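Remarks on the overall topology
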Amino acid sequence: MVSGEPRLAVRADRTRCCGSGNCASILPEMFDQDDEGLVVVREPYPDAGLRSAVDQAVLLCPVQAIEASPAEPVDARFRFGG
Amino acid sequence: MSLPAYPMQRSDPYGIPRQLAELAARGPVDRVRLWDDSTAWIVTGWREARAVLADNRFSADVGRPGYPHLRPGFRGSRLAAAAGGAGGATMLRMDPPAHDELRRLLTGFFTVRRIATLRPMVEERAAACLDAVQAAGPPCDLISTLAVPLPSLVLCELLGVPVADRPHFEELSVALIDSAATQRQLIGTLRGLSDYLEELVTGKEKNPETDLLSVLVQGPVRDGRMSRADLLGTARLLLTAGHETSASMLSLTLATLLRDRTAWDFLGSAPEAIPAAVEELLRFHTIASAGLSRVATADVTVADQIIRAGEGVIVSVEAANRDPAAFEDPDRLRLDRGARHHLSFGYGVHQCLGQALARVELQVAIERTIRRFPTLRVAEGEGRIEFAHDRMIHGVHRLEVAW
Ligand code: HEM
Ligand code: SF4
């Protein structure tokens with residue numbers, strides 16, 4: 001992994017989630033659902049190359065539970081040991 | 001000038017009513033007149049439809065004053081009525097927070113992963129339906145042999161209807177979607193269904209298994225998070241929301257693919273294109289054609305119009321699904337367009353709980369039918385296809401095929 005490679009920060013609000021499964025269905029490598037059907041973010045700092053796929057998940061979420069923003073570079077380095 | 005009457009007459013099974021298209025072309029929010037001379041807002045823009053459906057200031061409670069009723073009596077709004085008509089409200093007509101509490105007891109059964117484990121079962125049931133088509137020989141009606149029974153068989157499996165009860169259950173669920181039934185017959189059917197579900201739940205209480213009803217009986221019902229009335233209402237909702245919808249969508253899908261041989265042959269040669277095609281078919285034939293009804297509980301501005309508290313709103317998802325701002329050249333069926341943002345399963349907290357299951361049913365039915373009968377065609381002669389324009393849910397009565 002290249003040091004300082006741009007990453008996204010993805011958060012999901014489980015109190016809003018209605019278990020529609022849209023995110024888990026279009027981007028299973030990023031999103032999952034727990035036993036109760038609520039969203040679980042599997043990869044909170046994905047590669048920025050996933051931007052458009054993540055945006056699609058944001059768009060499809062029927063209750064606006066998903067948020068994506070560019071991650072602070074320090075976050076990415078910290079998490080991924082770049 | 002008087003307001004246009006709603007619901008509007010459909011003349012082309014592959015299009016939306018002409019008057020609705022005209023209304024949508026004038027702007028995203030407008031007004032219509034209902035059967036009882038009351039008026040309601042109608043939302044036809046994709047962006048505005050999402051805004052209304054995602055806004056909890058719009059209530060789905062059919063009992064609230066101002067809620068737009070599309071026809072007299074419970075024949076009116078089939079989804080709403082069948083769900084709320086015979087005893088107790090169901091989540092479909094409840095608002096948060098009560099809605100969310102009830103829905104959360106169910107979402108675990110409908111996750112993408114959980115539903116994926118049901119795919120082999122759906123394939124097996126589809127194969128059995130296609131065996132029956134084969135055995136019947138041409139000309140054979142695909143609606144009564146495949147489109148109607150498949151979703152019913154899948155629901156039996158999900159709810160845990162014992163094999164011995166299936167003929168009775170199927171009879172009830174077919175009667176429930178029989179558009180020729182009188183109101184009286186329909187009430188009788190709903191009563192029969194309530195009685196049957198009561199018996200089914202009692203059975204699960206005595207001998208729980210691994211199906212959805214048994215799990216609910218042993219968990220949330222036992223520990224008091226779900227009342228028995230809510231359990232019965234939920235069982236009824238799953239049947240009413242999960243049968244006619246899937247059956248209609250499957251019928252329209254088959255009719256559409258048989259009309260366009262290139263589509264049939266394309267999906268036969270490229271089954272990996274089926275999931276995307278299903279999304280486009282869902283968009284193209286928005287079967288909740290009567291729209292999704294809500295009533296404002298506060299003054300809300302939508303596209304510069306102030307919708308006052310107490311006023312009814314009809315979100316025309318079929319018009320929104322043909323909004324050129326969201327779908328280029330919307331009247332054309334383009335199987336690979338990427339139509340996943342359609343509103344055919346609704347939007348907001350009520351977005352279809354069974355959508356993953358509906359997708360699997362449609363994907364499996366298309367794949368299996370094409371594989372088994374690659375040369376399938378509409379049978380020669382008059383009257384082989386009869387569309388159902390008379391229902392609140394858009395569908396097909398008869399589709400006779402040969403091969
Ligand atoms: C192609 C098939 C289907 C279509 C087009 C469809 C469409 C819809 C729509 C539009 C809604 C939202 C109604 C509203 O907002 O007022 C809805 C809700 C619902 N659907 Fe489906 N549906 C389908 C299949 C199914 C299946 C197979 C099941 C279950 C087995 C199911 C269960 C439900 C339930 C329980 C709700 C209520 C959710 C809530 O209120 O939170 N549906 N469906
Ligand atoms: S799309 Fe939204 S509501 Fe649906 S599971 Fe994901 S986070 Fe939850």
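Our structure's up above, just so we're on the same page.
Now for a description of the structure that goes with this document. (Residues numbered from 1 in each chain as written. Chains lettered and ligands numbered in written order. Predicted model: local features only at pLDDT ≥ 70, side-chain atom pairs only at ≥ 80, totals over all residues. Heavy atoms only, no water.)

Quick look at the overall build of chain A
Condition: The helix count covers DSSP runs of H or I at least four residues long, the strand count covers runs of E at least two residues long, and both are numbered beginning at the N terminus. When accessible area is computed with a 1.4 Å probe and restricted to protein chains, residues below 20% of their type maximum are described as buried, those above 50% as exposed, and intermediate ones as partly exposed. In what follows, residue pairs with any heavy atoms lying within 4.5 Å of each other are defined as contacts. Using a 1.4 Å probe, the Shrake-Rupley method yields the accessible areas, and only the shown protein chains count as cover for residues.
A tally of regular secondary structure across chain A gives three helices and four strands. Seen in sequence order, chain A has helices and strands lined up from the N terminus as β-α-β-β-α-β-α. Counting all 82 residues of chain A, 39% fall into the buried class. Summarising the internal contacts of chain A: among those between residues at least 6 apart in sequence, 66% fall at separations of at least 24. Accessible surface computed for chain A: about 4200 Å², of which carbon and sulfur atoms make up 52%.

Considering the coordination of the iron atom of ligand 1
Defined as follows: Here a donor is an N, O or S atom found within 2.8 Å of the metal, or within 3.2 Å if the metal is Na, K or Ca; sites may look incomplete because water is not among the atoms.
Donor atoms from the protein around the iron atom of ligand 1 number only one, Cys 352 of chain B (SG), found at 2.3 Å. Mapped onto the fold, Cys 352 of chain B is located in the loop between helix H16 (317-320) and helix H17 (355-372).

Describing the interface of chain A and chain B
Often the size quoted for an interface is simply the accessible area lost on bringing the parts together. Spelled out, the test is: Buried area is understood as the total, over both parts, of accessible area removed when two parts are fitted together, assessed with a 1.4 Å probe. We define a salt bridge as a side-chain nitrogen of Lys or Arg found within 4 Å of a carboxyl oxygen belonging to Asp or Glu. For the purposes of these results, a polar contact is taken to be a pair of N or O atoms within 3.5 Å, where, inside protein, one atom must be able to donate a hydrogen and its partner to accept one; residues adjacent in sequence count only when each atom of the pair is a side-chain atom.
Counting residues at the interface gives 26 residues for chain A and 18 residues for chain B. With both chains or domains summed, chain A and chain B bury close to 1600 Å², and 45% of this area falls on carbon and sulfur atoms. The three residues of chain A that bury the most area against chain B are Cys 18, Leu 59 and Pro 62 of chain A, which together make up 27% of that side's buried surface. Here chain A and chain B share one salt bridge between them. The shortest N-O distance in the salt bridge between Arg 113 of chain B and Asp 32 of chain A comes to 2.9 Å. Across the chain A-chain B interface, the total number found is 16 residue pairs in polar contact (both at pLDDT 80 or more). Of all the elements in the fold, those that place two or more residues in the side of chain A that touches chain B are helix H1 (22-26), strand E2 (31-33) and helix H2 (51-60) of chain A. The biggest single contributor to the side of chain A that touches chain B is H1 of chain A, with four residues.

Here's the deal with the site of ligand 2
Quick reminder of the rule: Throughout, near means a residue has at least one heavy atom within 4 Å of the molecule or strand. Amino acids outside the nonpolar list (Ala, Val, Leu, Ile, Met, Phe, Trp, Tyr, Cys, Pro) and the charged list (Asp, Glu, Lys, Arg) are all regarded as polar, and Gly is one of them.
Inspection of the region around ligand 2 gives 13 residues, with Cys 17, Ser 20, Gly 21, Cys 23 and Cys 61 of chain A positioned closest. Across the shell around ligand 2, the residue classes tally to nine nonpolar, four polar and no charged.

Considering the sheet that holds strand E3 (residues 58-59) of chain B
All names here are of chain B. What counts here: Pairing between two strands is assigned when DSSP locates at least 2 bridges connecting them. The convention used is that axes are lines fitted to C-alpha atoms, helices contributing only their stretch in contact, and that angles between N-to-C directions extend from 0 to 180 degrees.
Spatially, E1-E2-E8-E5-E3 is the arrangement adopted by the five strands of the open sheet, whose pairing is mixed. On the outer flanks of this sheet lie strand E1 (29-33) and E3, each paired with one strand and no other. Summarising the sheet, E3 and strand E5 (residues 292-296) pair through two bridges and their orientation is antiparallel. From the neighbouring strand, Ser 59 faces E5, where its bridge partner is Val 295. Along the sheet, helix H2 (residues 46-53) contacts E1, strand E2 (39-43), E3, E5 and strand E8 (312-315); its crossing angle with E8, the most-contacted strand, is approximately 125 degrees.

Details of the site of ligand 1
Residues and elements named next belong to chain B. Neighbouring residues of ligand 1: 26 residues in total, closest His 99, Arg 103, Arg 294, His 350 and Cys 352. A distance of 2.6 Å separates an oxygen atom of ligand 1 from a polar side-chain atom of His 99. Contact distances for ligand 1 include 3.2 Å between a nitrogen atom and a backbone N or O atom of Ala 241. For the shell around ligand 1, the elements supplying multiple residues, two or more each, are helix H4 (98-104), helix H12 (228-242), helix H13 (244-259), E5 and H17. Split by residue class, the shell around ligand 1 holds 15 nonpolar, eight polar and three charged.

Comments concerning the side chain of Asp 34 of chain A
By the secondary structure assignment, Asp 34 of chain A is in the loop between E2 and strand E3 (39-41). With near-sequence residues (within four places) excluded, Asp 34 of chain A lies in contact with Arg 14 and Val 40 of chain A together with Thr 111 of chain B.

A closer look at the packing of aromatic side chains
Residue and element names in this part refer to chain B. Spelled out, the test is: Ring pairs are drawn from Phe, Tyr and Trp, using the six-membered ring of Trp, whenever the two centres fall within 6.5 Å, and their geometry is named by plane angle: stacked under 30 degrees, edge-to-face over 60, tilted for the rest.
The final tally for this structure, using the stated rule, is three aromatic pairs over all chains. Between Phe 373 and Trp 403, the ring centres sit 4.9 Å apart and the planes meet at 50 degrees, which makes this aromatic pair tilted. With Phe 373 in the loop between H17 and strand E9 (377-378) and Trp 403 in the segment after strand E11 (395-402), this residue pair connects regions lying 30 residues apart in the sequence. The class for Trp 403 is partly exposed, based on a relative accessible area of 25%.

Some words on the packing of helix H9 (residues 166-176) of chain B against helix H10 (residues 183-206) of chain B
Residue and element names in this part refer to chain B. Keep this limit in mind: The sense of a crossing depends on the near helix, which, turned anticlockwise from the far helix by less than a right angle, makes the crossing left-handed and, turned clockwise, makes it right-handed.
Running from amino to carboxyl end, H9 crosses H10 at an angle of 145 degrees, the nearest separation of the two axes being 9 Å. The two elements H9 and H10 meet at a crossing, and its hand is left-handed. Along the contact surface, H9 presents His 168, Phe 169, Leu 172, Ala 175 and Leu 176, while H10 presents Leu 186, Thr 189, Leu 190, Gly 192, Leu 193 and Tyr 196. When its residues are assigned to classes, the contact of H9 with H10 shows eight nonpolar, three polar and no charged.

Re the environment of Ala 136 of chain B
Among the secondary structure elements, Ala 136 of chain B is positioned in helix H6 (residues 119-136). For Ala 136 of chain B, a relative accessible area of 53% translates into the label exposed.

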